[in-house]
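The primary structure of each chain is shown beneath.
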Amino acid sequence: MKTRDQSYSQEAASLLRDISMYQVLTREQVLRLYPGKREKINELLIYLTKQQRLFYEDGVYRTALVKNGKVDKALFSAVWVLVDFMDRVEYHAVADYPAKIIFFADGAVYEIIHVEQGKEAMMTSILAAAGDNPSRRLIMVDTPEQINMLDIPNACGYCTVSPDGEVQYYQKE
């Protein structure tokens, strides 16, 4: 049986891992990464900030390693997509290009891929050349108009993410 300190220690390590990996996270993103643990995670955020293991500035948490670094805005947006699936996610991590995040849910591998406006043909070509890829792809676009310009294998859905974190999902017809 785990003691309270052991349980908090494991949660704290996981929390630091996630914030380090995703560079910056809002309080809401952090809380949604840990469904059903809001109170515990809130306490850990306060504790880790007091210890200066985390920094809270401009509405986001970050570690000392990314305190003054440039933030990957597409990765930040991809976290909003990830947290929509957290109740089913078994594992998640930052992915290799062109994906931003990879996660396992419901026995399947998913990739969250950002397609920047104006790069539709290039990304279609890159992703078509990737060959047999068993993962399902969630394609994050800047505008819904981009969707019809894309022909990406294994795309299971498309989405946009607003600056405040609202995710809108689309299916290609």
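Residues numbered from 1 in each chain as written. Predicted model: local features only at pLDDT ≥ 70, side-chain atom pairs only at ≥ 80, totals over all residues. Heavy atoms only, no water.

**Observations concerning the overall build of the protein**
Right, on to step 1. Assigned secondary structure in the protein consists of five helices and nine strands.
Right, on to step 2. Over its C-alpha atoms the protein spans a radius of gyration of 17 Å, differing by no more than 12% from the 16 Å that the globule rule assigns to 173 residues.
Right, on to step 3. Expressed as a percentage of its 173 residues, the buried residues of the protein come to 46%.
Right, on to step 4. When the accessible surface of the protein is summed, it comes to about 9700 Å², and 50% of that surface belongs to carbon and sulfur atoms.
Right, on to step 5. The distance from the centre of the 20 positive side-chain charges to the centre of the 24 negative ones in the protein is 7 Å. (Helix = DSSP H or I, 4+ residues; strand = E, 2+ residues; numbered from the N terminus. Rg over C-alpha atoms; globule rule 2.2 N^0.38 Å. Buried < 20%, exposed > 50% of the residue type's maximum accessible area, 1.4 Å probe, protein only. Areas by Shrake-Rupley, 256 points an atom, 1.4 Å probe, with all protein chains shown as cover. Lys, Arg positive; Asp, Glu negative; His and termini not counted. Charge placed at Lys NZ, Arg CZ, Asp CG, Glu CD.)

**Considerations on the pattern of salt bridges**
Right, on to step 1. Inspection of every chain in the model, using the stated rule, returns seven salt bridges.
Right, on to step 2. Between E11 and K37 there is a salt bridge whose closest N-O contact spans 2.7 Å. Of this pair, E11 sits in helix α1 (residues 4-22) while K37 sits in the loop between α2 (27-33) and α3 (38-50); the two residues are 26 residues apart in sequence, bridging distant segments of the chain.
Right, on to step 3. Classification of K37 as partly exposed rests on a relative accessible area of 32%.
Right, on to step 4. For R137, the salt bridge identified is with E111, shortest N-O distance 3.3 Å. In this pair, R137 is assigned in strand β7 (residues 136-141) and E111 in strand β6 (residues 108-115), connecting sequence segments 26 residues apart.
Right, on to step 5. The exposure class assigned to R137 is buried, which follows from its relative accessible area of 2%.
Right, on to step 6. Among the residues examined, E111 registers a relative accessible area of 15% and is labelled buried. (Salt bridge = Lys/Arg side-chain N within 4 Å of Asp/Glu carboxyl O.)

**Describing unusual backbone geometry**
Right, on to step 1. The peptide bond linking Y97 to P98 adopts the cis configuration, its omega dihedral lying at 10°.
Right, on to step 2. Its place among the elements puts P98 in the loop between β4 (89-94) and β5 (99-105).
Right, on to step 3. Positive phi is not limited to glycine here, since D58 has a value of about 55°.
Right, on to step 4. Positionally, D58 belongs in the loop between β2 (55-57) and β3 (60-62).
Right, on to step 5. With a phi close to 55°, D106 is a non-glycine residue in the positive phi region.
Right, on to step 6. The exposed category is assigned to D106, whose relative accessible area is 51%.

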